[in-house]
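What the coordinates show
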Amino acid sequence: MGAGHLVMTIDPGRGRDRYQGIVSLDETSLVNTLQNYFSQSEQLPTRLWLAVDDTSAAGFLLQNLPANRPADTLEEDDDWNRCVHLADTLTNAELLHLPVEKLLYRLFHQESVRLLGSSPINFACRCSRERVERTLKALGYKEVKQIVEEDGDVEVRCEFCNTEYALDVVDVEHLFAGDFQPGPSDTRH
Ligand SMILES: [Zn+2]
């Protein structure tokens, strides 16, 4: 994991404000980092299990919601401890391959489980070639031209989705072409 920070951005949508939590990376694992985020930001007992193979990733999150109990008693809650203990028996294979109904039944068939509706999720990034070009324009012709001269082209990688954008010397000239006004003319009219 190395050093660094994890930034969690939550966008509730419908015109409500986005909010962000930042925690240091826990060098031991992503799970520990995320659990630290939940204990610092949400202050609710939260456990997380993650599993990956070559083609998929799956996660299981357990959170003790306060209901009618004071928050500082939640960690000692017997029901909570039993649920954590049961979830700890999950294997990576179960997490990756079992349908959620089966998985919940296998773990919690002695509890009363209510399964809410699901929403499809998808990954999206707001980066685009236009945004990259705008950023380069803000850097200025001189700077960008220098990069092209040294490296042959300008490569910009989106740190969020890992898409790479490349502009060669022609692209760069084209990008800044509109910015140069003809110099003052000597010709009198
Ligand atoms: Zn992106």
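Look up: the structure comes first, before these words.
Let us look at the structure shown here. Quick caveat, the model's predicted, so the values are computed rather than measured. (Residues numbered from 1 in each chain as written. Predicted model: local features only at pLDDT ≥ 70, side-chain atom pairs only at ≥ 80, totals over all residues. Heavy atoms only, no water.)

Per the secondary structure count, the chain includes seven helices and six strands. Listing each helix as α and each strand as β along the chain from the N terminus yields β-β-α-β-β-α-α-α-α-α-β-β-α. Whereas a compact globule of 189 residues would reach a radius of gyration of roughly 16 Å, the chain reaches 26 Å, over 25% beyond that. Seen through its C-alpha atoms, the chain measures out along the principal axes to roughly 95 × 40 × 35 Å. Counting across all 189 residues of the chain, residues that qualify as buried make up 24%. (Helix = DSSP H or I, 4+ residues; strand = E, 2+ residues; numbered from the N terminus. Rg over C-alpha atoms; globule rule 2.2 N^0.38 Å. Buried < 20%, exposed > 50% of the residue type's maximum accessible area, 1.4 Å probe, protein only.)

A few words on the coordination of the zinc ion. Donor atoms from the polypeptide that bind the zinc ion are Cys 125 (SG), Cys 127 (SG), Cys 158 (SG) and Cys 161 (SG), placed at 2.2 to 2.4 Å. Each of the four donor atoms bound to the zinc ion contributes to angles spanning 104 to 114°, and the resulting shape is tetrahedral. Along the chain, the residues donating to the zinc ion are arranged with the sequence spacing C-x1-C-x30-C-x2-C. You can see Cys 125 sitting in the loop between helix H4 (100-108) and helix H5 (129-139) and its partner Cys 158 sitting in the loop between strand S5 (153-157) and strand S6 (164-168), a full 33 residues away along the chain. Residue classification places Cys 125 among the partly exposed residues on the basis of a relative accessible area of 26%. (Donors = N, O, S within 2.8 Å, 3.2 Å for Na, K, Ca; no water. Tetrahedral: all angles 85-135°; square planar, octahedral: opposite > 155°, others 65-115°.)

The next point concerns the packing of helix H6 (residues 141-151) against helix H7 (residues 169-177). Relative orientation of the contacting elements H6 and H7 amounts to 170°, with a least axis distance of 10 Å. In terms of orientation, H6 lies roughly antiparallel with respect to H7. Listed contacts from H7 to Tyr 141, Val 144, Lys 145 and Val 148 of H6 are Val 169, Val 172, Glu 173 and Phe 176. In the contact of H6 with H7, the residues fall into six nonpolar, no polar and two charged. (Axes fitted to C-alpha atoms, helices over the stretch in contact; angles between N-to-C directions. Parallel < 35°, antiparallel > 145°, perpendicular 65-115°, else oblique. Contact = heavy atoms within 4.5 Å. Nonpolar A, V, L, I, M, F, W, Y, C, P; charged D, E, K, R; others polar.)

Our next topic: the environment of Gly 4. As for its placement among the helices and strands, Gly 4 is situated in the segment before strand S1 (5-10). Classification of Gly 4 by relative accessible area gives partly exposed; the value is 30%. Sequence spacing of Gly 4 and Val 23 is 19 residues, and the spatial spacing of their C-alpha atoms is 8.8 Å. Those residues in contact with Gly 4, other than ones at most four positions away along the chain, are Ser 24 and Leu 25.

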